[in-house]
Amino acid sequence: MKYARPRLTVLVLAGLALVSLAGLGVGAPAAGGAAPATLTVGLDQEPPTLDPAASPSAVTYQIITDVAENLLYQDLGGKLLPWLASSYKVSPDGKSFTFTLRQDAKFTDGAPVDAAAVKWNFDRIVNPNFKAGGALASLSGYAGSTVVDPYTVQVNFKEPYAPFLTYVAGGTLSLISPKTTPTQGDAVNQKPVGSGRFIVSEYVPKDHVTLVRNAGYTRRPPYSSHQGPAGVDRIVWKFIPEAGTRVTTVESGETQMISFLSTPAAELTRLQANRALRVEKNPYPGAPRIWLLNVRKAPTNDLKVRQAILYGINRAAVADSVYRGLGTVACAPLTQHTLATPALCAKYKYDPKKAAQLLDEDGWKMGPNNVRMKNGQPLTIEINSINYGSGNLPEVELIQGQLLQLGVDAKIKSQARPPWYEDNFHCATNGPVMFLRSTDWDGLFALFGSQNVGGNFNWSCYANPAADKLIAEGRAVFDPAKRRSVYTQLETMLMDDAVAVPLVDELSVWVIRNTVHDTTYNFSTYPVLGDVTIK
Amino acid sequence: MARYIAGRLLVTIPVVVGVTLAVFSMLYLIPGDPVKMMLSEFETNPAQIARMRAQLRLNEPFVQQYGQFVWNAARGNLGESIRDRRPVATEIRELFPSTVQLALSALIFSIALGVPLGLLAAIRQNSWADVGAMMAARIGVSMPSFWLGLLLIFVFSLQLGLLPATGGGGIDHLLMPAFALGAGAAAITAALTRSSMLEVLRMDYMTTARAKGLAGAAVILRHGLANALIPIVTIFGLQAGQLLAGAVIIETVFGRPGIGQLLVAAILNKDFPLVQGVVLFVAIVYVLINLAVDVAYAAIDPRIRYG
């Protein structure tokens, strides 16, 4: 009996440990029945909301591509195809768009996808009491919608608005149910009701979102090879912020597909050598990884200095050594996939001698410590570098080294997102290194429209009436060839003014197990998984 | 006892006031306009900016704003997350159980491993068992938890395929995060148990117990460990706080839901109400844990007088 208490103590401790580990478990594998075909996808972050109208984040649209549908669909090549709208026409003045809707489309709560539903969705976005995300910019100049008949809706704008045709095919303007949404309050952020091949069934914060197959889906989406419901029973989108862990899950089979975002490029070679996996890469639309040069702050307020920087940076070295297969050399403020501009690729070829000559002509003579001087002042440039917590972006450090060879003392202002934004709003540095995804050439409006100085995203602080005129013209012209010509002129003007250093046209990369078939992507490079099967 | 607890509670008041002041001042310590930064991802108009400013009471005097913040917090109203658009208190309430599950499992693991290891090292002082146990403890304490976490994922998920690397859920999702988080605490517990036990073993009452004819194990456990536990219990309080802090890293490494991951995401997304709410909540939990330890300390050691 003397030993009873110590033994009891040990037993209690061991029992306590087991109870804590087992008893606190909040979930267990489902028992019985055939396992549903589940595709588990690893994402780098959790979306702030799944409400397409409210979200400022691309993650939202990756998840709901197969939940909420659009009037039009833009395929990976950029071609616009009918989706919930069977056809459309544009008024001669370019201010009104009339969509004829399919009559067999229903939201998963049974409400019809009709003209009133389209109007309700768009009116909700511009409602001043609603905190809209990227959707508000997509409806720039919205003047209201008119229900012409139950399945015909006219969307009106104050000014001609050609980019609307691509924006209406983007995730921000995907449609959710006017029947359920007003009744569900904040729950719309976690379980929006769409008309697509999947329904959001479960949302576990900081863990995962589960979509289940919409068995009542009868149509053939424009991306699909077949009519009717999706190929898998469930899609589980898991949030795995740590890149190394995310990669491990696809290698072990815990996930079948992962986003390669924020993963070191060096990992790609190893994954490509793994026979159980395949790597799918697609070019992002919009602006490349780009250094916007602040044209208001010395010394980048001097055209010759900006041109010297463009000649003096070896962009191929950035693409090869930092991106290693995750991008190609950029030539212009829009990626070559978005708007091919071969002439601009020939401009500003890496030429350190020409860069040095331009600086010499401008009075910046080589001084002590390999830094150029003018009127007793060193040639110092401050790069605004966003720091996500793991140090400087490697491309910024490479640029710093290349500029030093040119005699430019580039200082990296490495900071977290809040002060990084603040400096950009105030044109306080010589410009940030950033990127911008846009499905239309009109993305140049956000980057270089004079009204966006001090806001998002004209961080070159560039205000040029001639450029503003071309931006307005690009919104008014509908003919694709003429539009191309306008935006090519605009890009040429921007590069003549040397307002930015385009660095790398980045690729969207997904790593997928070979058991997963029939993945496809939309123009935004978001995976479209309605056709996927697992074998 | 009640007077002692009341006294300790009184002492925590200035600490909690200090915490609320520090948390509230965050909004003022960052450079620039907080509203503009919070809404930088959104398309906003001046009316929305004005509404947000009014919602955060930024137009009112500092003292008034602070008073309102404390009053709201005391009623459980920590504001609304800007990015997630949900009440901060709701987000904390949803995720805190998962963090507690992780921290508690790590704590129990650290006790279950650390105490026996320290005990073994003490009673077999200067033997191979002692050297081995203390070497394991030093390795444990010097190994960063995130690195150990990645190592565990590499071995048990990728190479052996035994455990899932990510997510919340059942015990299989908990084992590796709990081990990674608790390893450092186990090492500290082992070292402390050893030194505390060595001290106790030299005491006269231990000799007396042996002289009375008690068997070795009973002397060690009932007379030795019971007395050696006092400083160890104190360290549990500190460790509980550190485990909550460590959960920030471990939850991110293992993609596990919890307030650690919530805090990291809030910081990265400049979601100030959420950062304020989580920091305030964790700080108060930390204060309460230390209070509980102080009370337990007094209860375990009869030499400590209440009052």
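Before any of the text, the structure's been laid out above.
So, here's what we can say about the structure. (Residues numbered from 1 in each chain as written. Chains lettered and ligands numbered in written order. Predicted model: local features only at pLDDT ≥ 70, side-chain atom pairs only at ≥ 80, totals over all residues. Heavy atoms only, no water.)

## Observations regarding the overall build of chain A
From N to C terminus, chain A includes 17 helices and 25 strands. Compactness check: chain A gives a C-alpha radius of gyration of 26 Å against a globular reference of 24 Å for 535 residues, within 12% of the reference. When its C-alpha atoms are laid out on the principal axes, chain A stretches across 85 × 85 × 45 Å. Residue burial in chain A is summarised as follows: out of 535 residues, 56% are buried. Across chain A, every contact between residues at least 6 apart in sequence was considered, and the portion connecting residues at least 24 apart equals 69%. On chain A, roughly 20700 Å² of surface is accessible, and the fraction owed to carbon and sulfur atoms is 55%. If you average the places of the 51 positive and of the 46 negative side-chain charges in chain A, the two averages end up 3 Å apart. (Helix = DSSP H or I, 4+ residues; strand = E, 2+ residues; numbered from the N terminus. Rg over C-alpha atoms; globule rule 2.2 N^0.38 Å. Buried < 20%, exposed > 50% of the residue type's maximum accessible area, 1.4 Å probe, protein only. Contact = heavy atoms within 4.5 Å. Areas by Shrake-Rupley, 256 points an atom, 1.4 Å probe, with all protein chains shown as cover. Lys, Arg positive; Asp, Glu negative; His and termini not counted. Charge placed at Lys NZ, Arg CZ, Asp CG, Glu CD.)

## As for the state of the cysteines
All names here are of chain A. The tally for this structure, following the rule as stated, stands at two disulfides over all chains. At a sulfur-sulfur separation of 2.0 Å, the disulfide partner of Cys-331 is Cys-345. Between Cys-331 and Cys-345 the disulfide shows an S-S torsion of about 95°. By sign, it is right-handed. With Cys-331 in the loop between β14 (327-329) and α11 (342-346) and Cys-345 in helix α11, this residue pair connects regions lying 14 residues apart in the sequence. Residue Cys-331 is classed as buried on the basis of its relative accessible area, which comes to 7%. Residue Cys-427 pairs covalently with Cys-461 via a disulfide, S to S 2.0 Å. The disulfide joining Cys-427 to Cys-461 has a torsion of about -110° about its S-S bond and is therefore left-handed. Here the residue Cys-427 occupies a position in the loop between α14 (417-425) and β20 (433-437), and Cys-461 occupies one in the loop between α15 (443-448) and α16 (465-476), the gap between them amounting to 34 residues. Exposure class is identical for Cys-427 and Cys-461. Each is buried. (Disulfide = S-S within 2.5 Å.)

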